[in-house]
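Residues per chain are reported as follows:
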Amino acid sequence: MSSLEVYINGSFYPKQEAKISVYDHGLLYGDGVFEGMRAYGGRIFRLQQHLDRLYESARAILLEIPMGSQDLADAVLETLRRNQLQDAYIRLVVTRGAGTLGLDPDRTSDPQIIIIADKISLYPDEYYQNGLEIVTASTIRNHPAALSPRIKSLNYLNNIMAKIEGKLAGCAEALMLNHKGEVAECTGDNIFIVRRGRLLTPPIDAGILEGITRNAVIELASSEGISVQELSFTRHDIFVAEECFLTGSAAEVIPVIKLDRRPIGNGQVGPITKQLIQAFHGLVRSEA
Ligand code: PMP
């Protein structure tokens, strides 16, 4: 198979030759923004929503993306086509650009627009069938007054610290609480529980990323006749919940069967989770 080609600022480079400056503030300071999306059958699921979120993240850090949304959409689709990918994961990155050493973003030039289209397998199939075990990280999610979790920035150390805790405890994901001790989200996924037959997920002001998969699942639940509410909750509510699952572009919808070694519900993947996983697969295929 020929090597993957990566888009950088309007040109395509073989994977091994796709490089940017070591003076780029994206590398030096995590100064930049990104999106992770999936393509199904050659079409990108909710591309416009991903682009809207990217431009909002960029605006929040006063980074001007040197390309309009339509041109960027075309570049993403072209990257997919060039790599002859139908079902893929796409990583779109915009860095602050190369500059002098020192934080000042005004002393940089040429933000780099990078698009990688590749395969991703976040979790083994077994977890989708039998569910995932997660633990609560003691690293809390970024305080919204420090760095808003709504910004999908290149600075993911907050989540990486929690991910490390999860891995050291033998789990592939970790639950993050917010500064008030409420459930926020996992390191790269949003969280839902089923409690007394209703679907609950933390609201945006719990300090989370407004996940595009999360929003799709909220819509799906409504159309499937499942009551759904955005409501703050604590670990207690997960311990007494019937079901739990996570959502994300890379993870899609994945069941969770244990938190902190305690079974959730009967410790098996629940019926509402199964129904929503199936509905989600139907949705992504229908939009493709
Ligand atoms: N929360 C965090 C912290 C994330 O990084 C992500 C994306 N990987 C999500 C939630 C899920 O968002 P989306 O459904 O838009 O991929």
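Below is a summary of the structure that appears in this document. As the structure is a prediction and not an experimental result, all values here were calculated from the model. Throughout this description, residue numbers start from 1 for each chain and increase along the sequence as written. Restriction of local features to residues with pLDDT of at least 70 applies here, the model being predicted, together with a cutoff of 80 or more for giving and counting side-chain atom pairs; totals for whole chains, interfaces and linings are based on all residues. The side-chain values count all of the structure's non-hydrogen atoms but skip hydrogen atoms and water molecules.

1. Details of the overall build of the protein chain
Quick reminder of the rule: The helix count covers DSSP runs of H or I at least four residues long, the strand count covers runs of E at least two residues long, and both are numbered beginning at the N terminus. Per-residue and other accessible areas follow the Shrake-Rupley method at a 1.4 Å probe size, with only the shown protein chains counted as cover for residues. The charged-residue count follows a simple rule in which Lys and Arg add positive charge and Asp and Glu add negative charge, with His and chain termini not counted at all. Where a charge lies is defined by one atom per residue type, namely NZ (Lys), CZ (Arg), CG (Asp) and CD (Glu).
Looking only at helices and strands, the protein chain features eight helices and 17 strands. Projected onto its principal axes, the C-alpha positions of the protein chain cover 55 × 40 × 30 Å. As displayed, the protein chain offers around 13,600 Å² of accessible surface, 50% of which is attributable to carbon and sulfur atoms. The protein chain carries 29 positive and 35 negative side-chain charges, and their two centres are separated by 4 Å.

2. Description of the packing of helix H2 (residues 47–60) against helix H3 (residues 69–82)
Note the following rule: To define axes, lines are fitted to C-alpha atoms, for helices over the stretch in contact only, and angles between the resulting N-to-C directions are given on a 0 to 180 degree scale. Any angle that is under 35 degrees is reported as roughly parallel, and any over 145 degrees as roughly antiparallel; angles of 65 to 115 degrees are reported as roughly perpendicular and all others as oblique. Take the far helix as your reference; a near helix turned counterclockwise from it by less than a right angle gives a left-handed crossing, and one turned clockwise gives a right-handed crossing. Contacts are assigned to residue pairs with any non-hydrogen atoms lying within 4.5 Å of each other. Each residue is assigned to one class: nonpolar for Ala, Val, Leu, Ile, Met, Phe, Trp, Tyr, Cys and Pro, charged for Asp, Glu, Lys and Arg, and polar for all the others, Gly among them.
Here H2 crosses H3 at 125°, and the two axes come no closer than 11 Å. Overall, the two elements H2 and H3 adopt an arrangement that is oblique. For the pair H2 and H3, the sense of crossing is right-handed. Residue-level contacts link Leu47, Gln48, Leu51, Leu54 and Tyr55 of H2 to Ser69, Leu72, Ala73, Val76 and Leu77 of H3. Residues of the contact of H2 with H3, tallied by class, amount to eight nonpolar, two polar and no charged.

3. Some details on the pairing of strand E3 (residues 32–40)
Filter applied, for reference: Throughout this description, buried means an accessible area under 20% of the type-specific maximum (1.4 Å probe, protein chains only), exposed means over 50%, and partly exposed covers the range between. DSSP calls a pair of strands paired once it identifies at least 2 bridges connecting them.
Buried residues dominate E3, accounting for nine of its nine residues. A two-sided burial pattern is seen for E3, the buried positions comprising Gly32, Phe34, Gly36, Arg38 and Tyr40 on one face and Val33, Glu35, Met37 and Ala39 on the other. With eight bridges connecting them, E3 and strand E5 (residues 88–95) associate as antiparallel partners. Among the inter-strand pairings, Ala39 is bridged to a residue of E5, identified as Ala88.

4. Overview of the site of the ligand
Note the following rule: The cutoff for a nearby residue is simple: one of its non-hydrogen atoms must lie within 4 Å of the molecule or strand. Whenever a nitrogen or oxygen atom comes within 3.5 Å of another N or O atom, the pair is scored as a polar contact, on the condition that within protein one atom can donate a hydrogen and the other can accept it, and that pairs from neighbouring residues in sequence are kept only if both atoms are in side chains. Using a 1 Å grid laid over the protein atoms alone, points where a 1.4 Å probe fits but cannot get out form a cavity; open sets with protein on both sides within 12 Å along at least 5 of 7 lines form a pocket; any residue with an atom within 4 Å of a point counts as lining. Any molecule with more than half of its atoms within 2 Å of a cavity's or pocket's grid points is counted as sitting in it.
Around the ligand, the surrounding shell holds 17 residues, and the nearest of these are Tyr156, Glu185, Ile212, Thr213 and Ser249. Contact distances for the ligand include 2.8 Å between an oxygen atom and a side-chain N or O atom of Arg53. Taken by itself the ligand offers 390 Å² of open surface, and the protein chains cover 94% of this. Judged by the proximity of its atoms to the pocket grid, the ligand belongs to the largest pocket. Listed by contribution, the elements that provide at least two residues to the shell around the ligand are helix H6 (212–223) and strand E15 (243–248).

5. Looking at helix H5 (residues 157–168)
Note the cut-off: Helix span, as expected, comes to 1.5 Å for every residue beyond the first. As used here, the arc belongs to the directions running from the helix axis to the C-beta atoms.
Given a rise of 1.5 Å per residue, 12 residues ought to cover 16 Å, and the 16 Å separating the end C-alpha atoms of H5 matches this to within 8%. All buried positions along H5 are accounted for by Asn158, Asn159, Ala162 and Gly166. Projection of H5 onto a plane perpendicular to its axis shows the buried side chains occupying an angular sector of 90°, all on one side. Across H5 from its buried face, at more than 90 degrees, point the exposed residues Leu157, Lys167 and Leu168. At its buried positions, H5 is contacted by strand E9 (132–136) and strand E10 (173–177). Looking one or two residues past H5, Gly170 carries a phi angle of roughly 85°, positive in sign.

6. Focus: unusual backbone geometry
Look at Leu62: it is not a glycine, yet its phi comes out positive at around 55°. Mapped onto the fold, Leu62 is located in the loop between H2 and H3. For Leu62, a relative accessible area of 76% corresponds to the exposed category. Not every positive phi belongs to a glycine, and Arg261 is a case in point at roughly 70°. With respect to the helices and strands, Arg261 occurs in the loop between strand E16 (252–259) and strand E17 (262–263).

7. Looking at the environment of Leu276
Along the polypeptide, Leu276 turns up in helix H8 (residues 271–287). Once you skip the residues sitting within four places of it in the chain, Leu276 turns out to touch Leu199, Val217, Leu220, Ala221, Ile226 and Phe245.

8. Notes on the pairing of strand E12 (residues 190–195)
Most of E12 sits inside the fold, with six of its six residues counted as buried. Neither face of E12 is left uncovered, since the one carrying Asn190, Phe192 and Val194 and the one carrying Ile191, Ile193 and Arg195 both have all their residues buried. Bridging between E12 and E15 involves five bridges; their strand directions are antiparallel. Looking at E15, one finds that Ile191 is bridged to Leu246. Examined bridge by bridge, E12 and strand E13 (residues 198–201) share three bridges and lie antiparallel to one another. Bridging across to E13, Val194 finds its partner in Leu199. Between E12 and E13, which pair antiparallel in sequence order, lie two residues; one of them, Arg196, sits at a positive phi of approximately 50°.

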